[in-house]
Amino acid sequence: MTLVVGLGCQRGCDAHTLLGLFDAALAEGGIERQRITALASIARKQDEPGLLALAAALNLPLRCFSAEQLAPFADRLSHKSAIAFAHTGCYGIAESAALALAEHLADAPARLLITRKKTAQATFALACAG
């Protein structure tokens, strides 16, 4: 089974904040950190220092998708954010990115295993496929 974590964050969100959300959401879902295959986000975050540091700390690849690549997943989101859409052209970065990468890696339909978890600075979602 392919497990992918999708992440969204505000500019300047640090790796410590992201890791706290990552670990808390996985613990709540009863999923061990080492079962995660990869991290995903939106292309505009591909140079975000906190995301890059998190990927390095977890030794996981980070794959980013354009808003156009994420748009087809809008009808499968647990929550559609008009604010996220206004800023990015995508209704939900964490959930969309997790679904997109899980389907890409597994070459199979994906579903959300953990829907959007949110802190003041970041969002998390977990998708599985295969």
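Structure: see above.
Definitions and cut-offs
Residues numbered from 1 in each chain as written. Predicted model: local features only at pLDDT ≥ 70, side-chain atom pairs only at ≥ 80, totals over all residues. Heavy atoms only, no water. Phe/Tyr/Trp six-rings, centres within 6.5 Å; stacked < 30°, edge-to-face > 60°. Helix = DSSP H or I, 4+ residues; strand = E, 2+ residues; numbered from the N terminus. Buried < 20%, exposed > 50% of the residue type's maximum accessible area, 1.4 Å probe, protein only. Expected span 1.5 Å × (residues − 1). Contact = heavy atoms within 4.5 Å. Pairing = 2+ DSSP bridges. Right-handed = clockwise from strand over helix to strand, strands pointing away.

Asks: Hey, could you go over the packing of aromatic side chains for me, with residue numbers and the actual values?
Replies: Within the structure shown, the criterion is met by two aromatic pairs. Measuring from ring centre to ring centre gives 6.1 Å for Phe22 and Phe124, while their planes differ by 80°; the resulting arrangement is edge-to-face. With a gap of 102 residues between them, Phe22 in helix H1 (residues 15-29) and Phe124 in strand S5 (residues 122-129) connect regions that are remote in the sequence. The pair formed by Phe22 and Phe124 is uniform in burial state, with each residue classed as buried.

Asks: I'd like to hear about helix H5 (residues 93-106), residue by residue, with values.
Replies: If you check H5, its first and last C-alpha atoms are 20 Å apart, about what 14 residues at 1.5 Å a residue would give, namely 20 Å. Among the 14 residues that make up H5, 10 are buried, leaving the element largely enclosed by the rest of the structure. Where H5 ends, the next residue or the one after it, Asp107, has phi of about 50°, a positive value.

Asks: Tell me what's going on with the environment of Leu7, and back it up with residues and numbers.
Replies: Structurally, Leu7 is set in strand S1 (residues 2-9). Each C-alpha atom, one on Leu7 and one on Leu39, is 7.2 Å from the other, the two residues being 32 residues apart in sequence. Beyond its immediate stretch of four places on either side in the chain, Leu7 contacts Leu39, Ala40, Ser41, Leu51, Leu54, Ile93, Ala94, Thr123 and Phe124.

Asks: Describe the pairing of S1, with residues and values.
Replies: For a regular strand, the rule is simple: side chains alternate between the two faces of the sheet. For S1, a buried count of eight out of eight residues is recorded, marking the element as mostly surrounded by other parts of the structure. Residues of S1 alternate between two faces, with Thr2, Val4, Gly6 and Gly8 on one and Leu3, Val5, Leu7 and Cys9 on the opposite face, all of them buried. Both S1 and S5 contribute to a ladder of eight bridges, which runs antiparallel. Looking across to S5, one finds that Leu3 is bridged to Cys128. Handedness of the β-α-β unit built from S1, H1 and strand S2 (residues 38-42) comes out right-handed.

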